[in-house]
Amino acid sequence: MPGHEPEGVHMAWQPGVLQMQLETFLAKNERRLIALRRDLHMHPELGFDEHRTTQSIGDQLRAAGLRPVALPKGTGLMCDIGSGEGRTIALRADIDALPLVDEKDVPYHSTVAGVCHACGHDVHTAMLVGVGLFLAQQAADGLLPGRVRLIFQPAEEVPGGALDVMAAGGIAGVDRIFALHCDPRIEVGKLGLRAGPITAACDKVYVNVTGPGGHTARPHLTADLVYALAKIVTELPAALSRRVDPRSSLSLVWGRVSAGSVANAIPDDGVAEGTVRCLDDEAWHAAPELMHSLLDSVAGAYDVKADLEYVRGVPPTVNEAASVQMFRTAADAVLGENAVVPTQQSLGGEDFGWYLESIPGALARLGVAEPGQAGDYDLHRGTFDVDERCIAVGVSVLASTALTALREGLADGPVDGPVDGPAVRWDGNRPDPEAVEGAALA
Ligand SMILES: [Zn+2]
Ligand SMILES: [Zn+2]
């Protein structure tokens, strides 16, 4: 029954009440969540192999009276909290580790050779377990105005675990989805927000060029393949930049070009390999076909045969402005008014983008650097670690965001109704990039 507020919900939303409830919860549970994070850190598991991690998450949730359901491949879980009334908000944590050596000298050092939680997914997991325990308590007290779905997603780094969650019905009936990702360039206690694209698509392209070779004295009797390959390497990126909206930031950059073996022989094959990065979902979808047709026309002019293998990565993560505003409202309520900081878009990839192609939502950057230590330090390094106070911050922000999104659902009425805020209205497809840009955080 949309619009109905369970008793007590209103009181719980008086300023400071949620913050107090979270403080009480964290005073009791923060150490336990840090211990969980360290346990996961000591036992990292690669994508689709997260069996121990899945067991551990399930045990914690079941002990709180929740009923998590494992995903079909056996790793990763989903868990609904609260009644079916009102909206359904999903919170996602990725749970997999990386094939990297743990280079840290800490008591919770990885016990698995060559595998390490160097992207902070152990932290994401512990935080979401904490949110589950807190919201289970809220639901029991009649303080949850809707349903929250916890998604513990496997194989983000593979990538593609998001697709498995979606195939298992993970976002069916979900109105909005939120996630946090550790960011060592932001201090603990801060939250980095950005409306619009926050991570990029990254695909790989492999071009194989063939044609009759021969003596460099008689290029006219050959396809002069090296010359043709050089033309492809320079003209393809140039033509692309004229055929797509520059705001999509679609770029093709070559990483390897190779042909021939001696100065006076024209080879009969050559290769060029590179990556395509893109910030716009529509341009990303159009990229392979456009690349094929441009390659055909450039190669055709030099009478060589060019084959393109286009390998898809993840789509860009395009944050919906209204969801970003919910993060901001939530962070203001539990962290204070100066906690939100702007964050840059990254050209890295994140498979959360798959969800946002179907439903609105946002990914935010959780500050994990010790105060005074935030710099150009990055994820995916064997020395990556966090200031563990970020776990309590993340629990507070995620729980508050879910409640904010549920509350706004009550205010808005039906789930497909308009969304408040300096936001674009969700059109069931994706945000209008111009409107998102206009609403972008400073
Ligand atoms: Zn990563
Ligand atoms: Zn990650």
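The notes below deal with the structure included here. Residue indices follow the written sequence of each chain, beginning from 1 at its first position. Labels follow written order: the first chain is A, the first ligand is 1, and so on. Only residues with pLDDT of at least 70 get local features here, since the model is predicted, and only at 80 or more are side-chain atom pairs given and counted; chain-wide, interface and lining totals rely on the full set of residues. The side-chain quantities take in all heavy atoms of the structure and omit both hydrogens and water.

## Observations regarding the overall build of the protein chain
Consideration 1: When its secondary structure is counted, the protein chain shows 11 helices and 16 strands.
Consideration 2: Burial status across the protein chain gives 53% buried among its 442 residues.
Consideration 3: Residues are treated as being in contact if the distance between any of their heavy atoms lies within 4.5 Å. Restricting to contacts in the protein chain with at least 6 residues of sequence separation, those with at least 24 account for 82%.
Consideration 4: The accessible surface values rely on the Shrake-Rupley method and a 1.4 Å probe; as for residues, cover is taken only from the protein chains in view. Surface accessibility of the protein chain: about 18400 Å² in total, with carbon and sulfur atoms responsible for 51%. We count a stretch as a helix when DSSP gives it H or I for four or more residues in a row; a strand needs E for two or more, and each element gets its number in order from the N terminus. Throughout, exposure labels follow a simple rule: accessible area from a 1.4 Å probe, protein chains only, divided by the maximum for the residue type, with under 20% read as buried, over 50% as exposed, and the rest as partly exposed.

## Thoughts on the nonpolar core
Consideration 1: In plain words, nonpolar cores are sets of buried Ala, Val, Leu, Ile, Met, Phe, Trp, Tyr and Cys residues tied together by side-chain atoms within 4.5 Å. With 69 residues, the main nonpolar core has L91, V131, L135, L150, F152, L180 and F327 as its most contacted residues.
Consideration 2: For this core, the element with the highest residue contribution is helix α10 (residues 389-412), accounting for 12 residues.
Consideration 3: Residues A223, L252, V276 and F352 belong to the second largest nonpolar core, which totals 51 residues.

## Side note on the coordination of the zinc ion (ligand 1)
Consideration 1: Donor atoms from the polypeptide that bind the zinc ion (ligand 1) are C119 (SG), E157 (OE) and H380 (NE2), placed at 2.0 to 2.2 Å.
Consideration 2: The donor definition counts N, O and S atoms within 2.8 Å of each metal and applies 3.2 Å to Na, K and Ca; water is not among these atoms, so some sites may look incomplete. In this model, the zinc ion (ligand 1) sits 3.1 Å from the zinc ion (ligand 2), the two metals being bridged by C119. Placement of the pair is C119 in the loop between β3 (87-94) and α4 (121-140) and E157 in the loop between β4 (146-153) and α5 (161-167), with a sequence separation of 38 residues.
Consideration 3: Residue E157 is classed as partly exposed on the basis of its relative accessible area, which comes to 21%.

## Some remarks on the sheet that holds strand β5 (residues 176-187)
Consideration 1: If you walk across this open sheet you meet the eight strands as β1-β2-β4-β3-β5-β16-β6-β15, and the pairing is mixed. Two strands lie at the open edges of the sheet, namely β1 (69-70) and β15 (340-342), each paired on one side alone.
Consideration 2: The axes are straight lines fitted to the C-alpha atoms, using for helices just the contacting stretch, and the angles between their N-to-C directions are given from 0 to 180°. The strands touched by helix α3 (residues 51-63) are β2 (77-81) and β4; relative to β2, the strand with the most contacts, the crossing angle is about 15 degrees.
Consideration 3: Sitting on the sheet, helix α8 (residues 321-335) is in contact with β5, β6 (191-193), β15 and β16 (361-369), with an inclination near 65 degrees to β5. Following DSSP output, two strands are said to pair if at least two bridges run between them.

## A closer look at the sheet that holds strand β8 (residues 201-210)
Adjacent strands of a sheet pair through backbone hydrogen bonds, lying either parallel or antiparallel.
Consideration 1: With respect to topology, four strands assemble into an open sheet ordered β10-β12-β8-β13, the strand pairing being antiparallel. Of all strands in the sheet, those with a lone pairing partner are β10 (251-259) and β13 (305-311), marking the two edges. The average undirected angle you get between the axes of adjacent strands in this sheet is 20 degrees.
Consideration 2: As paired strands, β8 and β13 are joined by seven bridges and run antiparallel to one another. Looking at the pairing, V205 lines up with Y310 of β13.

## Examining the packing of helix α6 (residues 225-243) against helix α7 (residues 281-301)
Consideration 1: Between α6 and α7, whose axes approach to 10 Å, the crossing angle comes to 135 degrees. With respect to their mutual orientation, α6 and α7 come out oblique. Where α6 crosses over α7, the handedness of that crossing is right-handed. Side by side, α6 and α7 meet where K231, I232, E235, L236, A239, L240 and R243 of the first sit next to L290, M291, L294, L295, V298 and A299 of the second.
Consideration 2: In this classification, Asp, Glu, Lys and Arg are treated as charged, Ala, Val, Leu, Ile, Met, Phe, Trp, Tyr, Cys and Pro as nonpolar, and every other residue, Gly included, as polar. Looking at the contact of α6 with α7 residue by residue, the classes come out as 10 nonpolar, no polar and three charged. These descriptions rest on fixed angle ranges, namely under 35 degrees for roughly parallel, over 145 for roughly antiparallel, 65 to 115 for roughly perpendicular, and the rest for oblique. By the definition used in this description, the sense in which the near helix is turned from the far one sets the handedness, with an anticlockwise turn below a right angle giving left-handed and a clockwise turn giving right-handed.

## Observations concerning the packing of aromatic side chains
Consideration 1: Working definition: a ring pair exists when centres of Phe, Tyr or Trp rings (six-membered ring for Trp) sit within 6.5 Å. Plane angles under 30 degrees give stacked, over 60 give edge-to-face, the rest tilted. According to the stated counting rule, one finds five aromatic pairs in the structure shown.
Consideration 2: Summarising the aromatic geometry, the rings of F25 and F134 are spaced 5.4 Å apart at their centres and angled 65 degrees between planes, so their arrangement reads as edge-to-face. With F25 in helix α2 (residues 17-42) and F134 in helix α4, this residue pair connects regions lying 109 residues apart in the sequence. A single burial state applies to F25 and to F134, both of which are buried.

## Points about the packing of α2 against α3
Consideration 1: At a closest axis distance of 11 Å, the pairing of α2 and α3 adopts a crossing angle of 165 degrees. Classified by the interaxial angle, the pair formed by α2 and α3 is roughly antiparallel. The interaxial crossing formed by α2 with α3 has right-handed handedness. Here R32, L36, D39 and L40 of α2 lie close against α3, whose contacting residues are R52, T53, S56 and Q60.
Consideration 2: Of the residues assigned to the contact of α2 with α3, the class counts are two nonpolar, three polar and three charged.

## Brief notes about the pattern of salt bridges
Consideration 1: What counts as a salt bridge is simple: a side-chain nitrogen of Lys or Arg found within 4 Å of a carboxyl oxygen of Asp or Glu. Per the stated rule, a full pass over the model turns up 21 salt bridges.
Consideration 2: When the shortest N-O distance is used, the salt bridge between R92 and D94 registers 3.6 Å.
Consideration 3: In this structure, E320 engages R176 in a salt bridge whose closest nitrogen and oxygen atoms are separated by 3.1 Å. With E320 in the loop between β14 (317-319) and α8 and R176 in strand β5, this residue pair connects regions lying 144 residues apart in the sequence.
Consideration 4: Several salt bridges converge on common partners, so that one network encompasses R37, R38, D122, D385 and E388.

Function-wise, these values are silent; they only describe arrangement.
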